[in-house]
Amino acid sequence: MTLRPTTAERIARARNDLRIGVPVCIAGSVVVAVESLSQSRFDALMALGRDRARLVLTERRAATLRARAYDGDVARIVLPEGATLAWLRASADPSTDLANPMKGPYHSDREGSADVHRAAIALCKQAFLLPAALVIEGAGDDAFAAANGFTTAPLLDPDPEVVVLDEASAARVPLEVSAAGRVHVFRPRDGAEEHYAIEIGQPDRTQPVLSRLHSACFTGDVIGSLKCDCGPQLRAALAQMGQEGHGVLLYLNQEGRGIGLANKMRAYALQDQGFDTVEANHRLGFEDDERDFRIGAQILKSLGFSAVRLMTNNPGKVRMMEGEGVQVAERVPLRVGETEQNAAYLATKAAKSGHFL
């Protein structure tokens, strides 16, 4: 038995390090998130080797900057002479493009491996930061690597295992829709966000349970935003479970389709500039949807359920459930919450994400 952290524990620690601007070591290279990078650390990193420094962006973001992504999914951009921290941040954040229109031309590497750079982007996404990193290739000395380093493999697995969760606690919570409410809190072993299961009544584990996978939406669920239909869907799902006397609502902390609240607000700023919700995500450097719904299937199975009547308009959730061994006996439509302000958003979900609306 060793007291040293495992690779998974080092990666969990690295996510937090990136959020507070601390460099980490991936396969011998020093990596820091552009969003949280301070001027003093930028200066120190440049002293390590400006010629080895690369700004790493996703292909999605690179396309908006007319930068070549020779590696397919990422672009390794050479820092121009005199590049500043302000230039890095302007290149990383599309919500400031109108204020910083002149940033290029960009020159990208096309030789060598991009595995470290892909891993850096994956780690930024896991930390809910803008997917943009500064990488100083080969600059991690042995002592730094021993304390902070890991290889690219665990971040680049094309078919990663679902995160393992443990039930941390549970208690009875009387709800407006049902006095027989119970909240279960599930904690991922990798140190990521907790997720919740709200159980209504005493559902029969041998029968398909009325269930909803609901991604956290602070703006819609809490403050009543009219830009989406999340709040009405949450309340309608709980109300129907209350009427039927049983059900399970899974509340997954995957805000903004898995990009986090700060990036979601950046996407909203881009929508104010005329981009739809998918286009905004792409300009930020994310995919249409970064969520992992397999977490919901794992929670259901841990609660003893193997079949559901799934309340959703999203066919992707149905495919995921069935792919994870949870039978979807029925897809229950949930068409509520359309407003003048979210009509275009809902139309985009139908046209580009295949939702049944």
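The model shown is predicted, which means the values in this text are computed figures rather than measured ones.

Thoughts on the nonpolar core
Soluble globular proteins tend to pack their nonpolar side chains together in the buried interior. With 26 residues, the main nonpolar core has Leu88 and Leu134 as its most contacted residues. Sorting the residues of this core by element identifies β2 (29–33), α2 (39–49), β3 (53–58), β4 (74–78), α4 (85–92) and β5 (132–136) as the ones contributing at least two each. Element by element, the count of residues in this core is highest for α4, at 4 residues. Formed by 23 residues, the second largest nonpolar core is a distinct cluster that contains Leu18, Ala119, Ala133 and Leu155.

Topic: unusual backbone geometry
Note that the residue after Gly104, namely Pro105, is joined by a cis bond; omega there is 0 degrees. Here the phi dihedral of Arg66 falls at roughly 60 degrees; this positive angle occurs in a residue that is not glycine. Looking at the secondary structure, you find Arg66 in the loop between α3 (59–64) and β4. In this structure, Arg257 takes a positive phi of about 60 degrees despite not being glycine. Secondary-structure assignment places Arg257 in helix α10 (residues 255–258).

Brief notes about helix α9 (residues 230–244)
In this model α9 runs 21 Å from its N-terminal to its C-terminal C-alpha over 15 residues, within 8% of the 21 Å that 1.5 Å per residue would give. If you check which residues of α9 are buried, you get Cys230, Gly231, Gln233, Leu234, Ala237, Leu238 and Met241. Positive backbone phi, at 90 degrees, marks Gly245, one or two positions downstream of α9.

Some points on helix α13 (residues 294–302)
Burial analysis of α13 places 7 of its 9 residues in the buried class, the great majority of the element. Downstream of α13 by a residue or two, Gly304 has a phi angle that is positive, lying close to 100 degrees.

What about the sheet that holds strand β13 (residues 327–332)?
The 7 strands lie next to each other as β7-β8-β9-β11-β10-β12-β13, forming an open sheet whose pairing is mixed. Two strands lie at the open edges of the sheet, namely β7 (165–172) and β13, each paired on one side alone. Put simply, the sheet's adjacent strands are angled 25 degrees from each other on average, direction ignored. As paired elements, strand β9 (residues 195–200) and strand β11 (residues 247–252) share 5 bridges and run antiparallel to each other. Bridge assignment links Ile198 to a residue of β11, and that residue is Leu249.

Some words on the UniProt feature "binding site: Zn(2+)" (unreviewed entry) in the protein
When the UniProt feature table is mapped to this numbering, "binding site: Zn(2+)" (unreviewed entry) covers Cys217, Cys228 and Cys230. Mapped onto the fold, Cys228 is located in the loop between α8 (218–222) and α9. The buried category is assigned to Cys228, whose relative accessible area is 4%. Examined against the element boundaries, Cys230 turns out to sit in helix α9. Filtering out sequence-adjacent residues up to four positions away, Cys230 remains in contact with His214, Cys217 and Asp221.

Description of a nonpolar patch on the surface
On the surface, a cluster of nonpolar side chains totalling about 450 Å² of accessible area is made up of Phe218, Val222, Ile223, Leu261 and Met265. Among the secondary structure elements, those contributing two or more residues to the nonpolar patch are α8 and α11 (261–272). For Phe218, the location among the structural elements is in helix α8. Residue Phe218 is classed as partly exposed on the basis of its relative accessible area of 38%.

Concerning the environment of Ile198
Looking at where Ile198 falls in the secondary structure, it is placed in strand β9. For the pair formed by Ile198 and Ala69, sequence separation is 129 residues and the distance between their alpha carbons is 44 Å. Beyond its immediate stretch of four places on either side in the chain, Ile198 contacts Leu175, Arg182, Val183, Leu238, Gly247, Val248, Leu249 and Tyr251.

A closer look at the UniProt feature "active site" (unreviewed entry) in the protein
The UniProt record marks Asp289 and Arg291 with the feature "active site" (unreviewed entry), using the residue numbering of this structure. Positionally, Asp289 belongs in the loop between α12 (277–284) and α13. Examined against the element boundaries, Arg291 turns out to sit in the loop between α12 and α13. The residues contacting Arg291, other than those within four sequence positions of it, are Ser215, Gln254, Arg257, Gly258 and Asn314.

Thoughts on the packing of aromatic side chains
In this structure the tally under the stated criterion is 2 aromatic pairs. Residues Tyr196 and Tyr251 carry aromatic rings whose centres are separated by 6.4 Å and whose planes lie at 15 degrees to one another, so their mutual orientation is stacked. Remark: Tyr251 occurs in strand β11 and Tyr196 occurs in strand β9; sequence separation between them is 55 residues. Judged by its relative accessible area of 26%, Tyr196 falls in the partly exposed class. On the accessibility criterion, Tyr251 (15% relative accessible area) is buried. The ring centre of Tyr268 lies 4.6 Å from the NZ or CZ of Lys227, which sits over that ring.

Here's the deal with the domain arrangement of the protein
For the protein, the assigned domains are domain 1 (7–153) and domain 2 (165–254 + 291–353). Measuring from the centre of the C-alpha atoms in domain 1 to the corresponding centre in domain 2 gives 35 Å.

Cut-off values and rules
Residues numbered from 1 in each chain as written. Predicted model: local features only at pLDDT ≥ 70, side-chain atom pairs only at ≥ 80, totals over all residues. Heavy atoms only, no water. Core = buried A, V, L, I, M, F, W, Y, C linked by side-chain atoms within 4.5 Å. Buried < 20%, exposed > 50% of the residue type's maximum accessible area, 1.4 Å probe, protein only. Helix = DSSP H or I, 4+ residues; strand = E, 2+ residues; numbered from the N terminus. Expected span 1.5 Å × (residues − 1). Pairing = 2+ DSSP bridges. Axes fitted to C-alpha atoms, helices over the stretch in contact; angles between N-to-C directions. UniProt positions renumbered as here; feature names shortened; annotations may be inferred. Contact = heavy atoms within 4.5 Å. Patch = residues over 30% accessible without salt bridge, like charges linked within 9 Å, V, L, I, M, F, W, Y side chains within 5 Å. Areas by Shrake-Rupley, 256 points an atom, 1.4 Å probe, with all protein chains shown as cover. Salt bridge = Lys/Arg side-chain N within 4 Å of Asp/Glu carboxyl O. Phe/Tyr/Trp six-rings, centres within 6.5 Å; stacked < 30°, edge-to-face > 60°. Lys NZ or Arg CZ within 6 Å of the ring centre and 35° of its normal. Domains from an automatic or database assignment.

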